[in-house]
Amino acid sequence: MFLKLITDHVNSFVSEHEIENLAPFINTNHELLNNKTGPGNNYLGWLDIAKKINSKTLESITNAANKIKSDSDILIVIGIGGSYLGARAVIEMIKSPLYNSINKKNPDIYFAGTNISSSYLSSLLEICKDKDVSINVISKSGSTIEPGIAFRVFREFLEKKYGKEESKSRIYVTTDEHKGKLKELANHNNYQTFPIPDDVGGRFSVLTAVGLLPIAVAGIDIYELLNGAKAAMYDYNNPSVLKNDCYKYAALRNCLYRKNKLIELLVCYEPGLNVFCEWFKQLFGESEGKDQKGIFPSSVSFSTDLHSLGQYIQDGSRILFETVLDIKSTSKDLIIQPEDNDFDGLNFIANKPMSFVNRCALEGTVAAHTKGGVPNIILEIPEINEFNTGYLIFFFEKACAMSGYLLGVNPFDQPGVEFYKKNMFSLLES
């Protein structure tokens, strides 16, 4: 296993027999998932996408990424929700949250269509003004308003900068393989297209062309990312809740929810995981939040948020539990140097690596919050690399599917999302 579930700090809140009592339901749901016969079964393509993704698609993605790297200073990724969160999460995890500011051979990557802010889009245009730019617009239908506006703006920008013909070679479209407004536009203008599989919903799409093209442009090995997901696919195919950490995590969440632990905080101690936490929030929020049910997914970045939310977590309403992403080995470290006059009183940690201090923060916080009545589930990850990231993505996707089934909801639709859209369009048309 490339990920370890540690339950030492949740065992006092959930007993082993409570987990075992869910075994029959987990066995049934496992069969529903594997046989693709449960609710939302039309959207279960993510279950085996890592092994069945078309080799020609991967080759096209790699070739397009190489072209973008050779002729562009900036790639603008246009999409919202699952159309951008996964890609951005992987890039910041494996490269850096400061990816655009560090020295590198690959293009900067910015994300547009994630909001309706004219100030944000205007600033992005200023950044692109004297740069060579390509865009990757991602939308199943092409009619979602946020990316639709951004695509209009950047399409016009490219056509003014390069002319209509050359701009066509700088526009990459990830959309439905056969239909939709964006597909029609791409065909009409001869834009290069990449397919969004019919059986993969947006929040489960990071390991399709939706996420893989931007990830490849950042210089990340997409084959190794898929290898990690494939390994997890096999590792988490055991129906036993006691032998399958993915299902045990889902079961623990369900038990805690029944005990009125209504909010899950995904905790990270590395800023590079902050956007991954945002991806997690969409994955579980859209999947479970139905029929007036579901755990509310949130996140915190420690030790930063210990200085803002730490008080509430320690002493506030006991409706929280935490899932901690524990990265055992960091790729870069700094040694804290001693000061002759010890002006800040920190010489007691001189000559120690910062990772040691971060480790003490993690262990001390877990102990404090557990004692304060907040269960802590720990997911131990050896290090951040392509393989382990793909593995972690699949872990959460399958755990989310099992969690939704245990809750009695269809984890693969999102009917509530449409209500705000109808109201917004009604106001715009009036």
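Now for a look at the structure at hand. All figures in this text were calculated on a predicted structure; none of them were measured in a lab.

Some details on the pattern of salt bridges
Piece 1. As enumerated under the stated definition, the model contains 24 salt bridges in all.
Piece 2. A salt bridge links Asp71 to Arg170; the shortest N-O distance between them is 3.9 Å. Taken together, the residues Asp71 in helix α4 (residues 55-71) and Arg170 in the loop between α8 (164-168) and β5 (171-176) connect sequence positions 99 residues apart.
Piece 3. Between Lys328 and Asp326 there is a salt bridge; the shortest N-O distance is 3.9 Å.
Piece 4. Judged by its relative accessible area of 42%, Lys328 is partly exposed.
Piece 5. Connected through salt bridges with shared partners, the residues Lys36, Asp48, Lys52 and Asp199 form a single ionic network.

Examining helix α12 (residues 245-258)
Piece 1. End to end, α12 covers 20 Å across 14 residues, agreeing with the expected 20 Å (1.5 Å per residue, within 8%).
Piece 2. Taken across its 14 residues, α12 has eleven buried, putting it largely inside the fold.
Piece 3. Of all the residues in α12, the buried ones are Asp245, Cys246, Tyr247, Tyr249, Ala250, Ala251, Leu252, Arg253, Asn254, Cys255 and Leu256.
Piece 4. Sitting at the amino-terminal end of α12 is Asn244, which places a side-chain oxygen 3.0 Å from the backbone nitrogen of Cys246.
Piece 5. Two residues or fewer after α12 comes Asn260, characterised by a positive phi angle close to 70°.

A closer look at the sheet that holds strand β2 (residues 74-78)
Piece 1. Taken in spatial order, the five strands line up as β3-β2-β4-β5-β6 in an open sheet, and their pairing is parallel. Strands at the two margins of the open sheet, each flanked by one partner only, are β3 (108-112) and β6 (192-196). Adjacent strand axes in the sheet meet at a mean angle of 20° when their direction is disregarded.
Piece 2. Bridge count for β5 against β6 is five bridges, and the pairing is parallel. Its bridge partner being in β6, Val173 is matched across the sheet by Thr193.
Piece 3. Along the sheet, helix α7 (residues 145-162) contacts β2, β3, β4 (133-138) and β5; its crossing angle with β4, the most-contacted strand, is approximately 155°.

Focus: the environment of His178
Piece 1. Looking at where His178 falls in the secondary structure, it is placed in the loop between β5 and α9 (181-189).
Piece 2. Look at His178 and you get exposed, because its relative accessible area is 60%.
Piece 3. Distance in space between the C-alpha atoms of His178 and Ile76 is 24 Å, their sequence separation being 102 residues.
Piece 4. Apart from residues no more than four positions distant in its own chain, His178 is found in contact with Lys183 and Asp198.

A few points about unusual backbone geometry
Piece 1. In the segment running from Phe302 into Ser303, the intervening peptide bond is cis, with an omega of 10°.
Piece 2. Among the structural elements, Ser303 can be located in the loop between β8 (296-301) and α14 (310-315).
Piece 3. Phi at Asn260 is positive, roughly 70°, even though this residue is not glycine.
Piece 4. With respect to the secondary-structure elements, Asn260 resides in the loop between α12 and β7 (263-268).
Piece 5. For Gln292, which is not a glycine, the phi torsion comes out positive at approximately 55°.
Piece 6. Taking the relative accessible area as the measure of exposure, Gln292 reaches 82% and is therefore exposed.

Each value, and the rule that gives it
- Residues numbered from 1 in each chain as written.
- Predicted model: local features only at pLDDT ≥ 70, side-chain atom pairs only at ≥ 80, totals over all residues.
- Heavy atoms only, no water.
- Salt bridge = Lys/Arg side-chain N within 4 Å of Asp/Glu carboxyl O.
- Helix = DSSP H or I, 4+ residues; strand = E, 2+ residues; numbered from the N terminus.
- Buried < 20%, exposed > 50% of the residue type's maximum accessible area, 1.4 Å probe, protein only.
- Expected span 1.5 Å × (residues − 1).
- Polar contact = N/O pair within 3.5 Å; in protein donor to acceptor, adjacent residues only side chain to side chain.
- Pairing = 2+ DSSP bridges.
- Axes fitted to C-alpha atoms, helices over the stretch in contact; angles between N-to-C directions.
- Contact = heavy atoms within 4.5 Å.

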